[in-house]
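# An overview of the molecular structure
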Amino acid sequence: MTSDSNASSPAPLSLAESDVASPSPDRVALVVGASGITGSALVDRLAGDGWRVLALARREGRPVAGVRWISADLRSPHSLRSALEGQGISHVFFSAWARQATEEENIAVNGGMVRDLLAALDSSPVVHASLVTGLKHYLGPFDAYAQGEMPDTPFHEEEPRLDTPNFYYAQEDELFAAAERQGFTWSVHRSHTVIGHAVGNLMNMGLTLATYASICKHRGLPFIFPGSETQWNGLTDMTDSTVLAEQMAWAATTPSGANEAFNVVNGDVFRWRWMWPQLAAYFGVEAEGFDTAPRPLEQQMVGMEGVWAELAQKHALVEPDLTRLASWWHTDADLGRDIEVVTDISKSRLAGFHTHHRTVDSFTALFDRYRRDGLIPSA
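Now for a quick tour of the structure. Everything quoted here is computed from the prediction, not taken from an experiment.

Conventions adopted
- Residues numbered from 1 in each chain as written.
- Predicted model: local features only at pLDDT ≥ 70, side-chain atom pairs only at ≥ 80, totals over all residues.
- Heavy atoms only, no water.
- Helix = DSSP H or I, 4+ residues; strand = E, 2+ residues; numbered from the N terminus.
- Rg over C-alpha atoms; globule rule 2.2 N^0.38 Å.
- Buried < 20%, exposed > 50% of the residue type's maximum accessible area, 1.4 Å probe, protein only.
- Contact = heavy atoms within 4.5 Å.
- Areas by Shrake-Rupley, 256 points an atom, 1.4 Å probe, with all protein chains shown as cover.
- Arc of directions from axis to C-beta.
- Axes fitted to C-alpha atoms, helices over the stretch in contact; angles between N-to-C directions.
- Parallel < 35°, antiparallel > 145°, perpendicular 65-115°, else oblique.
- Left-handed = near helix turned anticlockwise from the far one by under 90°.
- Phe/Tyr/Trp six-rings, centres within 6.5 Å; stacked < 30°, edge-to-face > 60°.
- Lys NZ or Arg CZ within 6 Å of the ring centre and 35° of its normal.
- Pairing = 2+ DSSP bridges.
- Lys, Arg positive; Asp, Glu negative; His and termini not counted.
- Salt bridge = Lys/Arg side-chain N within 4 Å of Asp/Glu carboxyl O.
- Polar contact = N/O pair within 3.5 Å; in protein donor to acceptor, adjacent residues only side chain to side chain.
- Core = buried A, V, L, I, M, F, W, Y, C linked by side-chain atoms within 4.5 Å.

### Comments concerning the overall build of the chain
- Looking only at helices and strands, one finds 14 helices and 13 strands in the chain.
- Whereas a compact globule of 379 residues would reach a radius of gyration of roughly 21 Å, the chain reaches 20 Å, a difference of no more than 12%.
- In terms of principal-axis extent, the alpha carbons of the chain reach across some 60 × 45 × 40 Å.
- The proportion of buried residues among the 379 residues of the chain is 55%.
- Within the chain, counting contacts between residues at least 6 apart in sequence, those at least 24 apart form 78% of the total.
- Accessible area for the chain stands at about 15300 Å²; split by element, carbon and sulfur atoms hold 50% of it.

Here you go:
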């Protein structure tokens, strides 16, 4: 169902030649998962470009000009139809997911949410729907992560699916079926680890490392790399949420982005043995690298909830609940991998998407914003 060759695609458009920055007034974007890392960046990007935005989330987010927050139960077809009918939605950006105990449940729940959301829009003027997935497309799901035969790095979009159940595949299949049935174009965006601005997210390495470093400074502890020797020494890449949002907006409004799956990362590669001291220097803490075995954050940070509450009171921070800021398990899983993970992004470059970020700058800009917003101490 996917088309991974550019041979028959229209001539690529540059961002300046596309109309991403000057949307027509009848464009109405539905951002699903609007309070998450990707959704928040999408809301900012689209609203800043003049779109009318419907932001669907469990909780209403911050006020943004041109954005209306709405709520619906993604697991209830009736709730979705009631909330979305008659809204004139032209573009869908789906960035929500709900982690379940098994991959079979992940498939049923997360595939079902995509199916029911798009079915609820069967009478809407949808022209394009975008779906965010990730590198578990190549690495396998949580139940079988990085096990068995996988494609060699860097990962390319044309790699065949792994022979194992995967909720990303189920979501894609629901997207493809709805697009064929309802007559809209689609795009899939496979990100690596996404860092961005969100609170209460299940997978937020940026805020996790920021809270960890802040606790280290508060307690006079070294900033210890929690992961594997492979991750410490090997090449890797990441995805800034603003890059992901920009690619999604580009694909949704550019002919060469239609009916394609794209990897999306910042464009640089790095080794954690170089990055870790950079992050430590930002926070003024002592960096300590890999030493014989991983030292997971879930172990290092046991019982630190009270320490964070104390730190939050001392610095008048806006969120005293550490569990809403740090996702130790996810950062441990990401940095604990014993395989190299690098992504090829040639396909979107050749199609006309050229945005490039330096990941160290993505981190420091994000930390600056956390400080401005009172999520971590200013010094």
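Text resumes after the structure shown.
### Concerning helix α11 (residues 305–315)
- Those residues of α11 not exposed but buried are Val 307, Trp 308, Leu 311 and Ala 312. Viewed end-on, α11 has its buried residues packed into an arc of 135 degrees, placing them on one side of the element. Residues Gln 313 and Lys 314 are exposed on α11 and point more than 90 degrees away from its buried face.
- As for α11, its buried residues are in contact with α6 (205–219).

### Section: the packing of helix α2 (residues 77–84) against helix α3 (residues 103–119)
- Contact geometry of α2 with α3 gives a least axis separation of 9 Å together with a crossing angle of 40 degrees. Of the possible angle classes, the one that applies to α2 and α3 is oblique. α2 and α3 meet at a crossing whose hand is right-handed. Across the interface between the two elements, Pro 77, Leu 80, Arg 81 and Leu 84 from α2 touch Asp 116, Leu 117 and Ala 119 from α3.

### A closer look at the packing of aromatic side chains
- In this structure the tally under the stated criterion is 20 aromatic pairs.
- Taking the centre distance of 4.9 Å and the plane angle of 50 degrees together, the rings of Phe 225 and Trp 232 count as tilted.
- For the pair Phe 225 and Trp 272, a centre-to-centre distance of 6.3 Å together with 40 degrees between the ring planes defines the contact as tilted. Note that Phe 225 is positioned in the loop between β8 (223–224) and α7 (229–233) and Trp 272 in helix α9 (residues 272–283), a separation of 47 residues in sequence.
- Feature note: the residues Tyr 212, Phe 223, Phe 225, Trp 232, Phe 270, Trp 272, Trp 276, Tyr 282, Phe 283, Phe 363, Phe 367 and Tyr 370 constitute an aromatic cluster, connected by ring pairs.
- Positioned over the ring face of Trp 329 is Arg 99, at 4.2 Å from the centre of the ring.
- Over the aromatic face of Phe 262 sits the side chain of Lys 347, whose NZ or CZ is 5.3 Å from the ring centroid.

### Some thoughts on the pairing of strand β6 (residues 185–191)
- Across the seven residues that make up β6, a large majority, six, are buried.
- Two elements, β6 and strand β11 (residues 260–264), share five bridges in a ladder whose sense is parallel. Each bridged residue has a counterpart across the sheet, and for Ser 187 the counterpart in β11 is Glu 260.

### Description of the sheet that holds strand β5 (residues 128–134)
- If you walk across this open sheet you meet the seven strands as β3-β2-β1-β4-β5-β6-β11, and the pairing is parallel. Here the strands that pair on one side only, and so sit at the sheet edges, are β3 (67–70) and β11. Between one strand and the next, the sheet's axes are offset by a mean angle of 20 degrees, whatever the strand orientation.
- In terms of strand pairing, strand β2 (residues 52–56) meets β3 through four bridges, oriented parallel. Pairing of Leu 54 across the sheet is with Arg 68, part of β3.
- Sitting on the sheet, helix α1 (residues 37–48) touches β1 (28–32), β2, β3, β4 (91–94) and β5, and the angle it makes with β1 is about 165 degrees.

### Section: the side chain of Asp 237
- With respect to the helices and strands, Asp 237 occurs in the loop between β9 (235–236) and β10 (239–240).
- No salt bridge is formed by the buried Asp 237, whose closest oppositely charged neighbour, Arg 337, lies at an N-O distance of 7.0 Å.
- At a separation of 2.8 Å, a polar atom in the side chain of Asp 237 contacts the main-chain amide nitrogen of Thr 343.
- Every residue in contact with Asp 237, bar those within four places of it in the chain, is listed here: His 192, Val 265, Asp 268, Val 269, Phe 270, Val 341, Val 342 and Thr 343.

### Some details on the nonpolar core
- Residues Tyr 212, Phe 223, Trp 272, Trp 276, Trp 308 and Phe 363 are the most contacted members of the largest nonpolar core, which totals 44 residues.
- Contributing elements (two or more residues each) for this core: α6, β8, α9, α11, α12 (328–335) and α14 (359–372).
- Here this core gets eight residues from one element, more than from any other, and that element is α6.
- Residue contacts for Phe 223: discarding those within four places in its chain leaves Leu 209, Tyr 212, Ala 213, Cys 216, Trp 276, Leu 279, Ala 280, Val 285, Glu 286, Ala 287 and Glu 288.
- Counting 32 residues, the second-largest nonpolar core is a separate cluster that includes Ile 70, Val 126, Phe 184 and Ala 261.

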